[in-house]
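Chain by chain, the residues:
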Amino acid sequence: MSTDVRTESLDPVDLTIVNNALLNICREMGVTMMRTAFSPIFNEGLDFSCVLFDRHGNMIGQAEFCPAQLAASLFIVRWTVDELGVDSFEPGDVVLYNDPYRGGAHIPEHSVIRPVFYGEELFGFVANVGHLAEIGGKAVGSFAADATEVFQEGLRIPPVKIVKRDENDMELWQLIMANHRTPRNTWGDLNAQIGSLRVAERSLIRLLDRYGRDFIERAAGQLLDYSERWMRSEIAAIPDGSYEFGQAMEDDGVLAEPVWFHVTVTVDGDGLVVDWTGTDLQVRGPINATYGVTAGAVYNAIFHVTEQNIPKNSGAYRPISIIAPPGSAVNVSYPGPSVGGNTETHPKLADMVVSALAPALPDRVSAAEGGSACNFLFGGFHPKTGEYYANYHLEGGGWGAKSYGDGNDAVIVKNGNCRNTPVEIFETCYPLRVLEYSLMHDSGGSGMHRGGLGTRRHFLVTQGAEVTVNALLDRTKEGFGAWGLEGGGPGGRAAILVKRQGESEFRTFSEAFGSVSASKFTNIVLWSGDEVIIESPGGGGYGDPLMRDRALVEEDVFEGFVSAQAAREVYGWGSPEDG
Amino acid sequence: MGEWETIRRDVWETVVTPCTCCGQVVARRLWRTEVEGEALRFCGPDCEELYRTYVLPRRARLESGGR
């Protein structure tokens, strides 16, 4: 009896080798990108993601990049190929786009997609999604916290070929760069993205040469099915039922009113539906999430509560259905703004899904994280070089305590997986000096397991500089901190404060400049001698703080993570049983 | 029984079409069908199935005061 070699199951060792090879091609793309990009947001912050797809639009490889971008790339590549038509791709083409209504997470994120041909035949696609630090629009850094429509957020690009058969379309390049404030960086950063695609194409062809196209396609297909089976078995272990959760964000940057979100997670056998019906209609300000953001948050959450070793390819996503009503705050419709949806809304949506599942998976969930990237964007003419600069600065916050341990301190929001820019790089590139960068005591939510700590960063505008700043934070108001679970307390709040030269006290930007929101504002000019403090939010706690191990409370006090007063008042430290 | 319909857009139409059920963008082909007398557009037959087996029953439960 003959065996159909195309359907014969491959050896697990072979599958592991192919999976790791695909993973490593993505990592190689990442190293290329990190080393060749112009902007700190890429070579320090790592705000980009590299992925591989087969010709049917299935993601077959990804690595440890930004969860939001990885998930969005599922839609970005498939929809782009659908829209342009698979036959429109030729060897050496690169498609560029950043349209938030076509799967993107938000408008600064630019995707480049290149087909990979093996011989004459299309094998698949390689893609790189990266957050360009400046793409025009009403605010420097293209993070207009008070935007009311997409046109204020930067230049929107539908899927277009920026490279045709390995030749740059220079007229298109010029059109794009004419609309960005830092075109030299656009040139360098986009070329770094495109260069990473060429590296991936070369490595993928080498892999096909080594193992043969048929073998790699069979392995990739079987890895998809393997991931799907594994994810289905994980979901099947969750008790069937509908689990709900509701939460609010403090405002949208335009109106000083909370925005409500609601999720219902229905587990039915080995599949689940995550339904956002009941969420507020889309709001005027830019905290609306795109479909890509909402889907990414759902996948992010499910990956957090399931086995971490499931190969992350399209198969792992198949058992999860998502309903995000168009025109709501979880699926913005044109021309609604959405630049803050990725950094501020995504982490809350992900935490909501996790918290909804808390009754079903008490041992796997964590309390809410700080959930604000504390986006701080600034730019101007550098007094030393005379060149216009723009920077997108992120802060890490505290993550939520887990059922089995404390939350992580000073980690970027869970959609990002980005790094902090080192102080030395920051001060070298920009006319700001960092006076303090520290963990904030008492910012972690109290609990048997403590929430992670937020940070405080204190800047000074240096001699001769004029800096235009924008900010988009959340969780600055009382009652909107990261929520705890099982009796854990909320995380500490975020803040952004300013002290003008000659003043003695820090104030909110609303108090100093009259912005509607104290946490979301645009185009405020600071001068040399002015100072800014950014405090990132802490994570929520888990469990009753009186149940916390006394040795850990003492250690927290000794390390300065918890004040002696909070230790006494919240954790009952110093009681007779502490000796 | 539904049928596929190719989306045709004029050059000035820069807005994409979402699926009635899940909200995803439908880039090129819509799955057009009729559900309970209403003409609806989905991203594919799977979403029509989700609409029939999840959305409609849930909507009915909510309208009757259930959860």
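The structure presented is a predicted model; accordingly, all values stated were derived computationally and were not measured.

K.L.:
Break down the pattern of salt bridges for me, with residues and values.
P.N.:
Residues and elements named next belong to chain A. By the definition in use, this model includes 45 salt bridges over all chains. Lys138 is the salt-bridge partner of Asp146, the closest N and O atoms lying 3.1 Å from each other. Its relative accessible area of 27% is what places Asp146 among the partly exposed residues. Residue classification places Lys138 among the partly exposed residues on the basis of a relative accessible area of 32%.

K.L.:
So what's going on with the sheet that holds strand β6 (residues 160–164) of chain A? Which residues, and what values?
P.N.:
Residues and elements named next belong to chain A. The sheet built from seven strands is open, its strands ordered β2-β1-β5-β4-β3-β6-β7 with antiparallel pairing. Since the sheet does not close on itself, it has two edges, and those belong to β2 (59–62) and β7 (167–168), each with one partner. Against the sheet, helix α5 (residues 183–211) touches β1 (48–54), β3 (94–97), β4 (109–118), β5 (121–131), β6 and β7, its axis set at about 30° to β4. The strands that helix α6 (residues 213–236) touches are β1, β2, β4 and β5; relative to β5, the one it contacts most, it runs at about 55°.

K.L.:
Any details on the packing of helix α1 (residues 12–36) of chain A against α6 of chain A? Residues and values, ideally.
P.N.:
For any two helices packed against each other, one specifies the inter-axial angle together with the distance between the axes. Residue and element names in this part refer to chain A. The contact between α1 and α6 brings their axes to 10 Å, and the two run at 95°. The angle between the axes of α1 and α6 places the two elements in the roughly perpendicular class. Between α1, through Asp14, Leu15, Val18 and Asn19, and α6, the contact on the second element is made entirely by Phe215, Ile216, Ala219, Gln222 and Leu223. Residue composition of the contact of α1 with α6, by class: six nonpolar, two polar and one charged.

K.L.:
Help me get a handle on helix α3 (residues 67–84) of chain A, residues and values and all.
P.N.:
Residue and element names in this part refer to chain A. Over its 18 residues, α3 runs 26 Å from end to end, which matches the ideal 26 Å to within 8%, given 1.5 Å per residue. Its axis deflected by about 30° at Ser73, α3 carries its strongest bend there. Within α3, 14 of the 18 residues are buried, which leaves it mostly tucked inside the rest of the structure. The positive-phi residue at the C-terminal boundary of α3 is Gly85, with phi of around 90°.

K.L.:
An account of the interface of chain B and chain A is requested, with residue identities and associated values reported.
P.N.:
Contact with chain B, which involves 18 residues of that partner, is made by 24 residues of chain A. Taking both partners together, chain B and chain A bury about 1,700 Å²; carbon and sulfur atoms supply 53% of that area. The partner of Arg9 of chain B in a salt bridge is Glu83 of chain A, with the nearest N and O atoms 3.6 Å apart. With four residues, helix α1 (residues 45–63) of chain B is the largest single contributor of residues to the side of chain B that touches chain A.

K.L.:
Describe the sheet that holds strand β16 (residues 466–472) of chain A, with residues and values.
P.N.:
Residue and element names in this part refer to chain A. The sheet built from four strands is open, its strands ordered β13-β12-β16-β19 with antiparallel pairing. Unpaired on one side and paired on the other, β13 (388–393) and β19 (520–527) mark the two borders of the sheet. Across this sheet, the average inter-strand angle for adjacent strands is 15°, counted without regard to direction. Sheet analysis places strand β12 (residues 375–381) next to β13, joined by six bridges and oriented antiparallel. Each bridged residue has a counterpart across the sheet, and for Phe378 the counterpart in β13 is Asn391.

K.L.:
How would you summarise the packing of aromatic side chains if you had to cite specific residues and measurements?
P.N.:
Considering all chains together, one arrives at 28 aromatic pairs over all chains under this definition. With 6.2 Å between their ring centres and 65° between their planes, Phe42 of chain A and Phe48 of chain A make a pair best called edge-to-face. For the ring pair Phe42 of chain B and Tyr51 of chain B, a centre distance of 5.3 Å and an interplane angle of 55° mean the geometry is tilted. Across the pair, Tyr51 of chain B and Phe42 of chain B agree in class, each one buried. Joined through ring pairs, the aromatic side chains of Phe376, Phe378, Tyr389, Phe426, Tyr430 and Phe459 of chain A make up one cluster. Over the aromatic face of Phe303 of chain A sits the side chain of Lys312 of chain A, whose NZ or CZ is 5.2 Å from the ring centroid. Positioned above the aromatic ring of Trp4 of chain B is the side chain of Arg29 of chain B, whose terminal nitrogen or guanidinium carbon lies 4.1 Å from the ring centre.

K.L.:
Residues and numbers for the domain arrangement of chain A, please.
P.N.:
All names here are of chain A. One can read the domain layout of chain A as domain 1 (12–229) and domain 2 (366–548). Every contact between the two is made by 27 residues of domain 1 and, on the other side, 29 residues of domain 2. Around 2,100 Å² of area is buried between domain 1 and domain 2 when both sides are counted, 61% of it from carbon and sulfur atoms. In terms of surface lost to domain 2, no three residues of domain 1 exceed Glu44, Val140 and Phe143, which account for 31% of the buried area on that side. Taken together, domain 1 and domain 2 are joined by two salt bridges.

K.L.:
Please provide a residue-by-residue account of the nonpolar core, values included.
P.N.:
Residues and elements named next belong to chain A. Among the nonpolar cores identified, the biggest contains 143 residues, and Trp276, Tyr299, Val353 and Leu357 are the most heavily contacted of them. Each of domain 1 (12–229) and domain 2 (366–548) gives at least three residues to this core. Dropping the residues within four chain positions of it, Leu357 is found in contact with Ile238, Tyr243, Val265, Val267, Ile302, Val305 and Val365. Among the nonpolar cores identified, the runner-up in size contains 24 residues, and Val434, Val461, Ala465 and Ile524 belong to it.

K.L.:
Describe the confidence of the model for chain B, and please don't skip the residues or the numbers.
P.N.:
Here chain B averages 91 in pLDDT, while 97% of its residues score no lower than 70. Across chain B, the element-wise mean pLDDT spans from 89 in strand β2 (residues 17–18) of chain B up to 95 in strand β1 (residues 3–6) of chain B.

K.L.:
Tell me about the side chain of His449 of chain A, and name the residues and values.
P.N.:
Residues and elements named next belong to chain A. By secondary structure assignment, the location of His449 is in the loop between β14 (432–439) and β15 (455–461). A distance of 3.2 Å separates a polar side-chain atom of His449 from the backbone oxygen of Ser403. Filtering out sequence-adjacent residues up to four positions away, His449 remains in contact with Ala401, Lys402, Ser403, Tyr404, Gly405, Asp406, Gly541, Tyr542 and Arg548.

Calculation criteria
Residues numbered from 1 in each chain as written. Chains lettered and ligands numbered in written order. Predicted model: local features only at pLDDT ≥ 70, side-chain atom pairs only at ≥ 80, totals over all residues. Heavy atoms only, no water. Salt bridge = Lys/Arg side-chain N within 4 Å of Asp/Glu carboxyl O. Buried < 20%, exposed > 50% of the residue type's maximum accessible area, 1.4 Å probe, protein only. Pairing = 2+ DSSP bridges. Helix = DSSP H or I, 4+ residues; strand = E, 2+ residues; numbered from the N terminus. Contact = heavy atoms within 4.5 Å. Axes fitted to C-alpha atoms, helices over the stretch in contact; angles between N-to-C directions. Parallel < 35°, antiparallel > 145°, perpendicular 65-115°, else oblique. Nonpolar A, V, L, I, M, F, W, Y, C, P; charged D, E, K, R; others polar. Expected span 1.5 Å × (residues − 1). Bend = angle between axes of the 7 residues up to and from the residue. Buried area = accessible area lost by both parts, 1.4 Å probe. Phe/Tyr/Trp six-rings, centres within 6.5 Å; stacked < 30°, edge-to-face > 60°. Lys NZ or Arg CZ within 6 Å of the ring centre and 35° of its normal. Domains from an automatic or database assignment. Core = buried A, V, L, I, M, F, W, Y, C linked by side-chain atoms within 4.5 Å. pLDDT = per-residue confidence, 0-100. Polar contact = N/O pair within 3.5 Å; in protein donor to acceptor, adjacent residues only side chain to side chain.

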